[in-house]
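Each chain, letter by letter, is given below.
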Amino acid sequence: GAGVSQTPSNKVTEKGKYVELRCDPISGHTALYWYRQSLGQGPEFLIYFQGTGAADDSGLPNDRFFAVRPEGSVSTLKIQRTERGDSAVYLCASSSQGNSPLHFGNGTRLTVT
Amino acid sequence: GQQVMQIPQYQHVQEGEDFTTYCNSSTTLSNIQWYKQRPGGHPVFLIQLVKSGEVKKQKRLTFQFGEAKKNSSLHITATQTTDVGTYFCARSSTTSGTYKYIFGTGTRLKVLA
């Protein structure tokens, strides 16, 4: 079956611009996670959805970052007024329930110039 | 804090040698997951450990969960070049029944042929 799909795979944007990153989880998976990974580092937790609601958004670095999952499936991570420090690979993962393995997508590599 | 420390940060071994990475926490863990990330790839789930003192094997890989559930290890016997990658442990952090996974710092394994 299809895995977790993330689009775009690469995104280059100028400092100050707005970007949206999309995640299409495995069908039927209720839990969805966003992580950010910088080179040589482990995935850094950003936000976790259970269904449509954000169960834990404690990892969002500031109010420029926002994520939605309106119908409990596809999720969009939104970054306003991008900064060069936002450059990283943004990983999305889904799982069938809270205490299950995470299935990651291939990530979106964001570069802010 | 919730940081999970892994040691070593890097390990270079000759093909055929054994390899071990350790994951340590200052607090008791409800469970621990292990992931492997190949260069340029995304994390892929390997195993989940739940019980105190649990030992699980997958071919040449042996996973252990400490008796006090504060540490875990991954041991690879007779490494092969296909074992190259970064190995992460991830702990769950449960709050009011929700789950988020905090990843360790990772151990990057290089296998020399």
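Below is a summary of the structure that appears in this document. (Residues numbered from 1 in each chain as written. Chains lettered and ligands numbered in written order. Predicted model: local features only at pLDDT ≥ 70, side-chain atom pairs only at ≥ 80, totals over all residues. Heavy atoms only, no water.)

### Examining the overall build of chain A
Then step 1. Along its length, chain A carries 0 helices and 11 strands.
Then step 2. In chain A, the order of α-helices and β-strands from amino to carboxyl end is β-β-β-β-β-β-β-β-β-β-β.
Then step 3. Taking 113 residues into account, the globule formula puts the C-alpha radius of gyration at 13 Å, and chain A, at 13 Å, falls close to it.
Then step 4. Taking the principal axes of the C-alpha coordinates as reference, chain A spans close to 35 × 25 × 25 Å. (Helix = DSSP H or I, 4+ residues; strand = E, 2+ residues; numbered from the N terminus. Rg over C-alpha atoms; globule rule 2.2 N^0.38 Å.)

### Description of the state of the cysteines
Residues and elements named next belong to chain B.
Then step 1. Taken as a whole and judged by the stated rule, the model has 2 disulfides over all chains.
Then step 2. Two residues share a disulfide in this structure: Cys23 and Cys89, whose sulfurs sit 2.0 Å from each other. Looking down the S-S bond of the Cys23 and Cys89 bridge, the torsion is 75°, so its handedness is right-handed. Residue Cys23 is located in strand 3 (residues 19-24), and its partner Cys89 is located in strand 9 (residues 85-95); the two are separated by 66 residues in the primary sequence. Here Cys23 and Cys89 have matching classes, each one buried. (Disulfide = S-S within 2.5 Å. Buried < 20%, exposed > 50% of the residue type's maximum accessible area, 1.4 Å probe, protein only.)

### So, the environment of Leu77(A)
Residue and element names in this part refer to chain A.
Then step 1. Along the chain, Leu77 turns up in strand 8 (residues 75-79).
Then step 2. Spatially, the C-alpha atom of Leu77 lies 4.3 Å from that of Ala67, the residues being 10 residues apart in sequence.
Then step 3. Setting aside residues no more than four positions away along its own chain, Leu77 makes contact with Val19, Glu20, Leu21, Trp34, Leu46, Phe66, Ala67 and Tyr90. (Contact = heavy atoms within 4.5 Å.)

### A closer look at the nonpolar core
Then step 1. Core analysis: the biggest nonpolar cluster contains 20 residues, and Trp34(A), Leu46(A), Ile47(A), Leu77(A) and Tyr90(A) have the highest contact counts within it.
Then step 2. Mapped by element, the contributors of at least two residues to this core are strand 3 (19-24), strand 4 (31-37), strand 5 (44-50), strand 7 (65-68), strand 8, strand 9 (88-95) and strand 11 (108-112) of chain A.
Then step 3. Those residues in contact with Tyr90(A) that lie beyond four places of it in its chain are Gln6(A), Leu21(A), Tyr35(A), Arg36(A), Leu46(A), Phe65(A), Leu77(A), Ile79(A), Gly107(A), Thr108(A) and Leu110(A).
Then step 4. Core analysis: the second largest hydrophobic core is formed by 19 residues, Phe19(B), Leu29(B), Trp34(B) and Leu46(B) among them. (Core = buried A, V, L, I, M, F, W, Y, C linked by side-chain atoms within 4.5 Å.)

### Some thoughts on the packing of aromatic side chains
Then step 1. Evaluation of the coordinates by the stated rule reveals 12 aromatic pairs over all chains.
Then step 2. A network of ring pairs unites the aromatic residues Tyr33(A), Tyr35(A), Phe45(A), Tyr48(A), Phe104(A), Tyr35(B), Phe45(B), Phe88(B), Tyr101(B) and Phe103(B) as a single cluster. (Phe/Tyr/Trp six-rings, centres within 6.5 Å; stacked < 30°, edge-to-face > 60°.)

### Concerning the sheet that holds strand 3 of chain A
Consider a sheet: its strands pair through backbone hydrogen bonds, and that pairing is either parallel or antiparallel.
Residue and element names in this part refer to chain A.
Then step 1. Read across the sheet, 4 strands follow the order 1-3-8-7 without closing on themselves; strand pairing throughout is antiparallel. With one partner strand each, in any of the chains shown, strand 1 (5-7) and strand 7 form the two edges of the open sheet. Across the sheet, the axes of successive neighbouring strands diverge by a mean angle of 15°, strand direction being ignored.
Then step 2. Across 3 bridges, strand 1 lies against strand 3 in antiparallel orientation. When the sheet's bridge partners are listed, Ser5 is paired in strand 3 with Asp24. (Pairing = 2+ DSSP bridges. Axes fitted to C-alpha atoms, helices over the stretch in contact; angles between N-to-C directions.)

### Regarding the layout of surface pockets
If a probe the size of a water molecule is rolled over the atoms, the empty space left behind becomes visible.
Then step 1. Counted as a void, the largest pocket has a volume near 710 Å³.
Then step 2. In terms of lining, the largest pocket is formed by 33 residues, of which the most central are Gln37(A), Ser38(A), Leu39(A), Gly40(A) and Gln37(B).
Then step 3. Per element, the largest residue contribution to the lining of the largest pocket is 4 residues, and it comes from strand 11 (residues 107-112) of chain B.
Then step 4. Every residue along the wall of the second largest pocket is listed here: Lys36(B), Gln37(B), Arg38(B), Gly41(B), His42(B), Val44(B), Leu46(B), Gln58(B), Arg60(B), Leu61(B), Asp83(B) and Tyr87(B).
Then step 5. For the lining of the second largest pocket, the secondary-structure elements that each account for two or more residues are strand 4 (32-37) and strand 5 (44-49) of chain B.
Then step 6. Residues belonging to the lining of the second largest pocket are distributed by class as follows: 4 nonpolar, 4 polar and 4 charged. (1 Å grid on protein atoms, 1.4 Å probe; cavity = no way out; pocket = protein on both sides within 12 Å on 5 of 7 lines; lining within 4 Å. Points joined across faces, edges and corners; volume = space filled by probe spheres on them. Nonpolar A, V, L, I, M, F, W, Y, C, P; charged D, E, K, R; others polar.)

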